[in-house]
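# Inside the fold
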Amino acid sequence: MFKRYIIATLATSATALFALAGCAGSQPADGQSAGGQARGNASSATEFVAAASRGLHLDYDKQATPKAAVAASKLIVRGTLVDVTDGITFGGANAAQAGRASSYGTAVIEVTSAAKGDVAPGGKVYAIFNKSAVTGVADLAATGKNLKVVAALADISKWSPAPGVTVVRPDAMPATGPLYLAFPDSLWLQGSADKTMAGVHAEPADIPAAWGTPKNLDQYWSTLAKAAK
Amino acid sequence: MAIVAALAGSLFLPGQAHATTYPELILPDSSLHTYCFTAGFSGSRDPGTGTYAMSVLDSTTDMTISNLGACSANTTDIWWWALDLAGTIRGEEQCIFTSGSVCDSADVRIDFDQIDIGNNDVADRDKTSVHEIGHSIGLGHHSPAAHDCAMISGEIPSLDILWRRYNAHDVAHINAQF
């Protein structure tokens, strides 16, 4: 009994201390943004980002400088997220060796301008990105449509996750041409109500010092476009 | 009371104020973290890094581990994979099956080629593996302003063991949860 009392006391004390240390005991329920925004309203990227990253964490090498990001990218665009559709899946004799679930979605971006690559204003770019396996693309489309986007994209047409595994493009994506992938730290979104941009797998504070301190899409785009010249 | 005071002292370490929220939305179902190695991971260049990460969890927290051998059950907490992950990804932790806010089973996927870019490869693999297991038990990424531990993103800054361990603050969170 005494031991149980001690454990309960420790747990209670620890909870209070975590709060003092800046660590909350829990987060808002899934599907609710910090501002209580209604589901499906894409005036903020908060809900989209939370849904896209639910249960998914990436450890990655950052784009150290704007020049490095430009060099690694085949296409750099700015525009509007007009849809989120199914991502790539895997086929081939060893498809089962690629993991238990597809963890990709496709961001359909209507382009307003390109800093690198040849895309006319009004054209659409299909960019795959790493997303939660437990969140469907319909939820992402509902929470992400109309968000403004800046994306630096690599061409991974020749990529395969393992020998004997082939990459299968979704029906909604052009069957030929480059297969564009957004790096974890090169897909940034911002809604009309947002003061800062947000990434599915990165926050502005994560951006290395060589970038300056871009906080919003205008600043991030300006930095990238300058490096691309 | 002395125990409570001692624990309280351990929670306030320099630089803790910028740690990420704990726990994240999805947590494992119990303090027993079961795991298995897929064939690809067992045949990879360093399956020992998976064993290392699980051992760190077992030896530095109140959680326990159990190696279930070959991967077959979707109730096993962690399936380890070795893959070529697209782009610049070194490793990822992906919850595959959930029950509400509980993750019944997750994939940990390691890209050895990406990790081995740069220096200190073996230690860097271990950091990444510890890092991904950290995610599976509720830890988020730590910003550069937070404390130094395995939950930083990217390559380890040095061979200091602290980059392959959870910070005491994180361990206190984990032990309070489980």
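Residues numbered from 1 in each chain as written. Chains lettered and ligands numbered in written order. Predicted model: local features only at pLDDT ≥ 70, side-chain atom pairs only at ≥ 80, totals over all residues.

### A closer look at the overall build of chain A
We apply this condition: The way it works is that DSSP assigns letters per residue, a run of H or I at least four long becomes a helix, a run of E at least two long becomes a strand, and they are numbered from the N terminus. Once C-beta atoms are placed from the backbone, each residue is buried if 20 or more other C-beta atoms lie within 10 Å of its own, exposed if 12 or fewer, and partly exposed for counts between those two. Each residue gets a C-beta atom placed from its backbone, and two residues are in contact if those atoms lie within 7 Å.
When helices and strands are counted, chain A shows five helices and nine strands. Secondary structure of chain A in N-to-C order comes out as α-α-β-α-β-β-β-β-α-β-β-β-β-α. Relative to its 229 residues, chain A shows a buried fraction of 43%. Sequence separation of 24 or more characterises 73% of the internal contacts of chain A that already satisfy a separation of 6 or more.

### Examining the overall build of chain B
If you tally the helices and strands in chain B, you get six helices and six strands. Its helices and strands in sequence order give chain B the pattern α-β-β-α-α-β-β-β-β-α-α-α, from N to C terminus. When burial is assessed residue by residue, chain B has 51% of its 178 residues classed as buried. Relative to all contacts within chain B whose residues are 6 or more apart in sequence, the contacts with residues 24 or more apart total 72%.

### Overview of the confidence of the model for chain A
Residues and elements named next belong to chain A. Here is the rule: Across the chain, each position has a pLDDT score giving the predictor's confidence in that residue, from 0 to 100.
Residues with a pLDDT of 70 or more make up 82% of chain A, whose mean pLDDT is 85. Put simply, helix H1 (residues 2-20) is where chain A has its lowest mean pLDDT, 34, and strand S6 (residues 148-155) is where it has its highest, 98. For residues 1-39, every residue scores under 50 in pLDDT, and the model assigns this stretch 48 contacts once sequence neighbours within four places are set aside.

### Some remarks on the pairing of strand S6 (residues 102-110) of chain B
Residue and element names in this part refer to chain B. Here is the rule we go by: Strands are labelled as partners when DSSP assigns at least two bridges between them.
In terms of burial, S6 is largely enclosed, as seven of its nine residues are buried. Sheet analysis places strand S1 (residues 27-28) next to S6, joined by two bridges and oriented parallel. Note that in S6 the partner of leucine 27 across the bridge is valine 102. Two elements, strand S4 (residues 78-82) and S6, share five bridges in a ladder whose sense is parallel. Residue pairing in the sheet places tryptophan 80 in a bridge with valine 108 of S6. Remark: two residues form the turn of the hairpin made by strand S5 (residues 89-99) and S6, two consecutive strands paired antiparallel; glycine 100 in that turn has positive phi of roughly 65°.

### Digging into helix H5 (residues 217-228) of chain A
All names here are of chain A. Filter applied, for reference: One less than the residue count of a helix, multiplied by 1.5 Å, gives the span that helix is expected to have. Think of it as the arc spanned by the lines of direction from the helix axis to the C-beta atoms.
Between the first and last C-alpha of H5 there are 16 Å, a value that for 12 residues agrees with the 16 Å anticipated at 1.5 Å per step. For H5, every residue scored as buried is listed here: Leu217, Tyr220, Trp221, Thr223 and Leu224. The buried residues of H5 occupy an angular sector of 160° when the element is viewed end-on, so they sit on one face. Along its buried surface, H5 packs onto helix H3 (66-72), strand S2 (75-86), strand S4 (104-116), S6 and strand S8 (180-190).

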